[in-house]
Amino acid sequence: MSDEPRRSYTGREIVLELFPATPDRLIPRASAYTVERDADDAGVVVRERGNGRELLRLAPVERHNRRSLQLCCDLCHWSGNSRDLRFLRAEVPGAEGRRWRYLTACVDVEACDARRLDDARIDLLLTHD
């Protein structure tokens, strides 16, 4: 056995090496953000990857219809049953509580963050318009 540490590969490296004909939109990008549970485990926090600064807080939205539905995550595009996804809202930056953006996101935040191919949806949430 070798004394050298095992090299780990990024999702991007694996896709490009094993599946070179993959369409560009499906190749994972380097992410500028991390998505994680907030401290009280009710919502989601978006942080800058490098310094961990909090950029956005997503609060849960209460569901009144408990029927089972097929939903799609707005962050990672994974599709699943409504018990595996939830509705969240984020205040529009600079709106002082007058405007909100709503989205559907995975309950399993860590898996969702690992599945995200890019930061497009988070960038949209961070815009003032």
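The rules behind the values
Residues numbered from 1 in each chain as written. Predicted model: local features only at pLDDT ≥ 70, side-chain atom pairs only at ≥ 80, totals over all residues. Heavy atoms only, no water. Helix = DSSP H or I, 4+ residues; strand = E, 2+ residues; numbered from the N terminus. Buried < 20%, exposed > 50% of the residue type's maximum accessible area, 1.4 Å probe, protein only. Contact = heavy atoms within 4.5 Å. Areas by Shrake-Rupley, 256 points an atom, 1.4 Å probe, with all protein chains shown as cover. Lys, Arg positive; Asp, Glu negative; His and termini not counted. Charge placed at Lys NZ, Arg CZ, Asp CG, Glu CD. Pairing = 2+ DSSP bridges. Salt bridge = Lys/Arg side-chain N within 4 Å of Asp/Glu carboxyl O. Axes fitted to C-alpha atoms, helices over the stretch in contact; angles between N-to-C directions. Core = buried A, V, L, I, M, F, W, Y, C linked by side-chain atoms within 4.5 Å.

Moving on: the overall build of the chain. Of regular secondary structure, the chain possesses 3 helices and 7 strands. Secondary structure elements of the chain occur, N-terminal to C-terminal, as α-β-β-β-β-β-β-β-α-α. Sorting the 129 residues of the chain into buried and exposed places 30% on the buried side. For the chain, restricting intrachain contacts to residue pairs at least 6 apart in sequence, the fraction spanning at least 24 positions comes to 46%. Summed over its atoms, the accessible surface of the chain is roughly 8900 Å², and 52% of this surface lies on carbon and sulfur atoms. If you average the places of the 22 positive and of the 23 negative side-chain charges in the chain, the two averages end up 6 Å apart.

Here we take up the pairing of strand β2 (residues 44-48). Bridge analysis of strand β1 (residues 33-37) against β2 gives 5 bridges, and the strand direction is antiparallel. The residue bridging V35 from the neighbouring strand is V46, located in β2. Where β2 meets strand β3 (residues 54-60), 4 bridges bridge the pair, whose relative direction is antiparallel. Residue pairing in the sheet places V44 in a bridge with L58 of β3. Linkage of β2 to β3, two consecutive antiparallel strands, is achieved through a turn of 5 residues, within which G52 is found at a positive phi near 75°.

Attention now goes to the pattern of salt bridges. By the definition in use, this model includes 9 salt bridges. Residue E54 is joined to R57 by a salt bridge in which the shortest nitrogen-to-oxygen separation is 2.9 Å. Using a relative accessible area of 35% as the deciding quantity, one classes E54 as partly exposed.

Adjacent strands of a sheet pair through backbone hydrogen bonds, lying either parallel or antiparallel. Sheet architecture is open: 5 strands sit in the order β1-β2-β3-β6-β7, paired in antiparallel fashion. The sheet is open, and its two edges are formed by β1 and β7 (100-106), each paired on a single side. Adjacent strand axes in the sheet meet at a mean angle of 30° when their direction is disregarded.

Take the nonpolar core next. Counting 20 residues, the largest nonpolar core has V35, V46, L58, C73, L75 and L103 as its most contacted members. Contributing elements (two or more residues each) for this core: β1, β2, β3, β6 (85-91), β7, α2 (109-115) and α3 (120-126). Residues in contact with C73, not counting those within four places in the same chain, are W78, L85, T104, A105, C106 and C112.

Following the sequence through the fold, N81 ends up in strand β5 (residues 79-81). Discounting residues that sit within four places of it in the chain, N81 has contacts with S68, L69 and Q70.

Next up on the list: unusual backbone geometry. Residue H77 is not a glycine yet carries a positive backbone phi of 65°. Along the polypeptide, H77 turns up in the loop between β4 (70-72) and β5. What makes H77 exposed here is its relative accessible area of 57%.

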